[in-house]
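A look at the structure
Residues per chain, in single letters:
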Amino acid sequence: MARQTLAQMSGALATGETTSRALTEAALGRIDGGDSELNSFINVCADEALAAADAADQRRAAGDAGPLTGIPIAHKDIFCTAGVPTTCGSRMLQDFVPPYDATVVRRLAAAGVVTVGKTNMDEFAMGSSNETSYFGVVRNPWDPDRSPGGSSGGSAAAVAAGLVVAATGTDTGGSIRQPAALTGITGVKPTYGRVSRYGMIAFASSLDQAGVLTVTAEDAAMLLQAMAGFDPHDSTSADAPVPDYVTALGEDLAGKRIGVPGEFFDDGLDAECAAAVRDALAVLEGMGATIQEISLPNIGLSVPTYYIVAPAEASSNLSRYDGVRFGYRHADAADLEEMYKLTRKEGFGAEVKRRIMTGTYVLSAGYYDAYYLQAQKARQLIAADFRRAFESVDIVAGPTAPTPAFRLGEKTDDPVQMYLNDIYTIGANLAGLPGASLPCGLVNGLPVGLQLIGPAFGEAAVLNIAHQYQQATDWHLAEPGA
Amino acid sequence: MALSRQDVEHIAHLARLEVSEDEIADYVAKLSSILDMVAQLGETDTTGVEPMAHPLDMAQRLRPDDVTESDQREFFQRNSADVAHGLYRVPRVIE
């Protein structure tokens, strides 16, 4: 059976053709049957989901339903869910049950969305392959020997395999867009501050942003409409009006200016991926957009800048895991310091510890100016490149990842090789900009992603171009094993 | 830049991470290769560049210092490994 879209489900609910209970039972059944190999879920909450589905059906019967009421989705296990375990992919939080809902969870629940479970992820979102999860690797539904990308790898695999129609994700350096590219689905990371970070377990607070993984750009627009907006609980939440993303999808592309940075087509980009992205740009040009070469001269600094800023912020954020108030605790330490050290040794996995160590080092006495301060200056240069580009173009476009999905285990011994996977996605995080990845081809039977980056708060323009591309092509409908 | 094993032990102490003897060589190698990768930033001319404080150049918002939360101590303490009489228990700190 072909994978449904969220918009189709929404329509079928509105006409009474189906119910939330039927959709939710079907999703739970697919997870039960199809997830043992993928390992895309850490927790499935069937009882809570069915209760929420019945409530959604009653709400619809009472004439109080919106477009999302009754749609079953999954949340990345980084979003706190009251009463439902939230692990962040870590042994440290294996038994953590949040006392409250993240704003993303609360807003979607208020719109009637049903949560069927929590998806697997790289531990504390630190990884690009979903191999650092304490709960095991996630497999790519296109080829079980390959990675689905990360860190939102569970969300991506679950949507690509059609277990759920959509899932939330977070993107600190590409963690929505890269797994979306590697699994052949649509992923959208909004502008920094567009969606509340409240209740989203912190990795690097100046970069973290919540978004969605879906089959289509239209589905993403429908979800973001409910997620975006000011939240007094997040001190960096943007107090800016949320436009109507769904209405904006219909604009035609005549006169849209798309900038293509030459730097994104470097030696590291697989030639066949480059060809698929060029083909996609030609499609957009055929629809009336103009394509112009641009330059982001400092974009080459983004990987080193990110791997200073993100670990520095992570080392600070993760200092809260001391075993005292919540999370794992080493039980029989002789003194307090030993308790901290053993709790953190046993509670964190290898990649998380490497990032904490890197971050601690670059912030330590004598090194701060050379590393962190210099990185914050380089970040300014990268952001300025984008600002300059958006004076002459509406959207920046290029590849999402340098290659299609790589093999599990291929990069685990060399952290720097793994980090280079984020080379095209990190810039948008450093500059705080919205970005998306959409399927634009297959190379050796594996999906390739086209990345779109918009100006700050330009989600509507990103979604519009993505949707128009999906009206003209059907790469987003290609399914694994089909 | 190459880190020494003393560097690794020092950083691990600052980060309150126990590092066992057999992990040190791996940390020395991998952290050194990460620092080599980020070292190229040192060659970038950033004279006169203002370090970025916020990705969108926004100021931090303030709110009135009003009490808005209720006391849910017992509820919140359910996530702790060891509590007694409403307090968090840890190994002895004061002799």
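Attention in this report is confined to the structure presented alongside it.

What counts, and where the lines are drawn
Residues numbered from 1 in each chain as written. Chains lettered and ligands numbered in written order. Predicted model: local features only at pLDDT ≥ 70, side-chain atom pairs only at ≥ 80, totals over all residues. Heavy atoms only, no water. 1 Å grid on protein atoms, 1.4 Å probe; cavity = no way out; pocket = protein on both sides within 12 Å on 5 of 7 lines; lining within 4 Å. Points joined across faces, edges and corners; volume = space filled by probe spheres on them. Nonpolar A, V, L, I, M, F, W, Y, C, P; charged D, E, K, R; others polar. Contact = heavy atoms within 4.5 Å. Buried area = accessible area lost by both parts, 1.4 Å probe. Salt bridge = Lys/Arg side-chain N within 4 Å of Asp/Glu carboxyl O. Polar contact = N/O pair within 3.5 Å; in protein donor to acceptor, adjacent residues only side chain to side chain. Buried < 20%, exposed > 50% of the residue type's maximum accessible area, 1.4 Å probe, protein only. Helix = DSSP H or I, 4+ residues; strand = E, 2+ residues; numbered from the N terminus. Pairing = 2+ DSSP bridges. Right-handed = clockwise from strand over helix to strand, strands pointing away. Core = buried A, V, L, I, M, F, W, Y, C linked by side-chain atoms within 4.5 Å.

The next thing to look at is empty space enclosed by the protein. Residues and elements named next belong to chain A. Considering all chains together, one arrives at two cavities of 30 Å³ or more under this definition. Within this model, the largest cavity holds a volume of roughly 70 Å³. Together, 13 residues line the largest cavity, and Gly127, Ser128, Ser175, Tyr306 and Asp422 are the ones closest to its centre. Classifying every residue of the lining of the largest cavity gives five nonpolar, six polar and two charged.

Let's shift gears to the interface of chain B and chain A. Contact residues are listed per partner, giving 50 residues for chain B and 68 residues for chain A. For the pair chain B and chain A, the summed buried surface comes to about 5,200 Å²; carbon and sulfur atoms form 68% of the total. Here chain B is connected to chain A by one salt bridge. Here Lys345 of chain A and Glu23 of chain B are joined by a salt bridge, their closest N and O atoms 3.2 Å apart. If you look at where chain B meets chain A, you find 18 residue pairs in polar contact (both at pLDDT 80 or more).

Glancing now at the pairing of strand β2 (residues 72-76) of chain A. Residue and element names in this part refer to chain A. Of all five residues making up β2, five are buried, and the element is well covered by its neighbours. Here β2 pairs with strand β3 (residues 114-119) via five bridges, running parallel. Opposite Pro72, over in β3, you have Val114 as the bridge partner. As for the winding sense of the linkage, the β-α-β connection from β2 through helix α4 (residues 103-110) to β3 is right-handed.

Another point: the side chain of Gln374 of chain A. Relative to the helices and strands, Gln374 of chain A resides in helix α13 (residues 369-389). Aside from chain neighbours lying at most four places away, what touches Gln374 of chain A is Asp369 of chain A together with Leu41, Gly42, Thr44 and Thr46 of chain B.

Another point: the pattern of salt bridges. Considering all chains together, one arrives at 19 salt bridges over all chains under this definition. When the shortest N-O distance is used, the salt bridge between Arg177 of chain A and Asp171 of chain A registers 2.9 Å. Take Asp171 of chain A: its relative accessible area is 0%, and that puts it in the buried class. In this structure, Glu21 of chain B engages Arg5 of chain B in a salt bridge whose closest nitrogen and oxygen atoms are separated by 2.8 Å.

Let us now look at the nonpolar core. Residues and elements named next belong to chain A. Counting residues in each nonpolar core, the largest one holds 136 residues, and the members touching the most others are Phe124, Leu281, Phe348, Phe386 and Leu452. Those residues in contact with Leu452 that lie beyond four places of it in its chain are Ile395, Val396, Ala397, Pro434, Gly435, Ala436, Leu438, Val462, Ile465 and Ala466. By size, the runner-up hydrophobic cluster in this structure holds 25 residues, among which are Ala49, Leu50, Ala74 and Ile185.

A separate point is the layout of surface pockets. Residue and element names in this part refer to chain A. Roughly 850 Å³ of volume is contained in the largest pocket. Taken together, 26 residues form the lining of the largest pocket, with Cys80, Tyr100, Tyr198, Gly199 and Arg320 sitting closest to its centre. Partitioned by chemical class, the residues of the lining of the largest pocket number 14 nonpolar, seven polar and five charged.

What follows is about the environment of Trp475 of chain A. Residue and element names in this part refer to chain A. By the secondary structure assignment, Trp475 is in the segment after α16 (459-472). A relative accessible area of 34% means that Trp475 is categorised as partly exposed. Each C-alpha atom of the pair Trp475 and Ala405 lies 16 Å from the other, and the pair is 70 residues apart in sequence. Every residue in contact with Trp475, bar those within four places of it in the chain, is listed here: Pro439, Cys440, Gly441, Leu442 and Tyr469. At a separation of 3.5 Å, a polar atom in the side chain of Trp475 contacts the main-chain carbonyl oxygen of Cys440.

Treat this as a map of the structure, not an account of what it does.
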